[in-house]
Amino acid sequence: MGETAADPDLPLVTQARAGDFAAFEQLVSRYERRIFATAYRIVGRREDAEEVVQDTFASVIEHLPQFREESKFYTWLMHIAVNHALKLLRRNRHGTDRTMNGESSDSYSDLPHPQFIAPWHENPSVIAENHEMQRLLSDALDELDDKYRTVFVLRDVEERSTSEVAELLGISEANVKVRLLRARLQLRERITSALGDKSRQVAADHRHE
Amino acid sequence: MKCDELLKALNEYVDGQIDPAICEDFANHLAGCNPCQVVVDNIRNTIALYRSGERYEMPPEFHDRLRKQLREKWSTVFDGESQQTH
Ligand SMILES: [Zn+2]
């Protein structure tokens, strides 16, 4: 019994653990779309995202008897999903330089300077409705190194805390922060190059030199 | 504070977790530096854009395929040790 707020999934989890498939299926229905969307953002392909969802819930079935109520079910589920997504990335990208690179730390020392600096010509809520823009967003995300994309997805899209992401990925909080900054800067550059209003472009200030 | 230093503290500022001691320097620099203002604004918009888009819809046929597979998995794990009835 944890002292944190009650886990809303606990009644279903308890029933599922007792062998009730219908209860388990309700948990699947509750979270499959979210796991799918997060997995898709991390692995970048529909078939791979489906595989992650399948493997995740299969692992849940296997490990349900060991589920400890000290963490929330959803936290546990997301942990399993992230592990499967990372495993799949390692498998797909084996031998290339886009792997997670384990714990190896990134530094602040050679941050890329913003190149194209301009306000956007539309506001984000308008852009989000546009199909072409959705394509731009997923392409930009896909161009990030795995280690940056994974941190960005978990921190900025899933809205997990720095410490949770550090734990999920097995890296330090400091490393989560640097990777997030690099991800944000790279995405900003890419998206602003497409959406920036050239007539209002501003030159970078070189006071730092 | 210089533009470079502002860049390093950007996350904490955007996330509202900046050290109050640095926050004033940050705000002062920002007030006088248009490029940095635009960069901060671009980053906020970038995050907002990704956060607002839940565009990865699960294919409907996958819904059924998933359940079929999970039911099989379930029977290998659960039905081996006990029946569903108590
Ligand atoms: Zn500046």
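The rules behind the values
- All chains use their own residue numbering, which begins from 1 and follows the written sequence.
- All chains are assigned letters beginning with A, and all ligands numbers beginning with 1, in the order in which they are written.
- This being a predicted model, a pLDDT of at least 70 is required before a residue's local features are given, and a value of 80 or more before pairs of side-chain atoms are given or counted; all residues contribute to the totals for chains, interfaces and linings.
- Only hydrogens and water are set aside; all other atoms, that is, all heavy atoms of the structure, feed into the side-chain values.
- Between rings of Phe, Tyr and Trp, where Trp is taken as its six-membered ring, a pair exists when centres lie within 6.5 Å; planes separated by under 30 degrees are stacked, by over 60 edge-to-face, and by other angles tilted.
- A helix here means a DSSP run of H or I that spans at least four residues, while a strand means a run of E at least two residues long, and both kinds are numbered starting from the N terminus.
- The cut-offs for exposure are 20% and 50% of the maximum accessible area for each residue type, with area from a 1.4 Å probe on protein chains only; residues under the lower value are buried, those over the upper are exposed, and the others partly exposed.
- Each domain's limits were defined by an automated method or a database of domain assignments.
- By the convention used here, residues are in contact when the closest approach between their heavy atoms is within 4.5 Å.
- For any pair of parts, buried area is found by adding up, for both, the accessible area (1.4 Å probe) each one loses once the two are put together.
- Whenever Lys or Arg places a side-chain nitrogen within 4 Å of a carboxyl oxygen from Asp or Glu, that contact is recorded as a salt bridge.
- Counted as a polar contact is a pair of N or O atoms within 3.5 Å, where, for protein atoms, one must be capable of donating a hydrogen and the other of accepting one, and residues adjacent in sequence contribute only when both atoms are in side chains.
- Each residue is assigned to one class: nonpolar for Ala, Val, Leu, Ile, Met, Phe, Trp, Tyr, Cys and Pro, charged for Asp, Glu, Lys and Arg, and polar for all the others, Gly among them.

Would you mind showing me how to read the packing of aromatic side chains here?
Describing an aromatic ring pair means giving the distance of the ring centres and the angle of the ring planes. This model, assessed by the stated rule, comprises 14 aromatic pairs over all chains. For the ring pair Phe24 of chain A and Phe57 of chain A, a centre distance of 6.4 Å and an interplane angle of 80° mean the geometry is edge-to-face. With Phe24 of chain A in helix H2 (residues 21-43) and Phe57 of chain A in helix H3 (residues 46-63), this residue pair connects regions lying 33 residues apart in the sequence. The burial state of Phe24 of chain A is the same as that of Phe57 of chain A; both residues are buried. Clustering of aromatic rings is evident, with ring pairs tying together Phe21, Phe24 and Phe57 of chain A together with Trp74 and Phe78 of chain B.

Whenever I open this one, the domain arrangement of chain A confuses me. Can you help?
One frequent convention defines the size of an interface as the accessible area lost when the parts assemble. All names here are of chain A. Partitioning chain A into domains gives domain 1 (2-93) and domain 2 (113-203). Of note, the centres of domain 1 and domain 2, computed from C-alpha atoms alone, are 26 Å apart. Contacts between the two partners involve 14 residues from domain 1, matched on the other side by 13 residues from domain 2. On the domain 1 side of the interface with domain 2, the three residues burying the most area are Arg41, Ile42 and His79, jointly 38% of the side's total. Between Arg34 and Glu158 there is a salt bridge whose closest N-O contact spans 3.6 Å. For the pair domain 1 and domain 2, the number of links is four residue pairs in polar contact (both at pLDDT 80 or more). For the side of domain 1 that touches domain 2, the secondary structure elements donating two or more residues are H2 and helix H4 (73-92). Looking at the side of domain 1 that touches domain 2 element by element, the count peaks at eight residues for H4. For the side of domain 1 that touches domain 2, the per-class residue count stands at six nonpolar, five polar and three charged.

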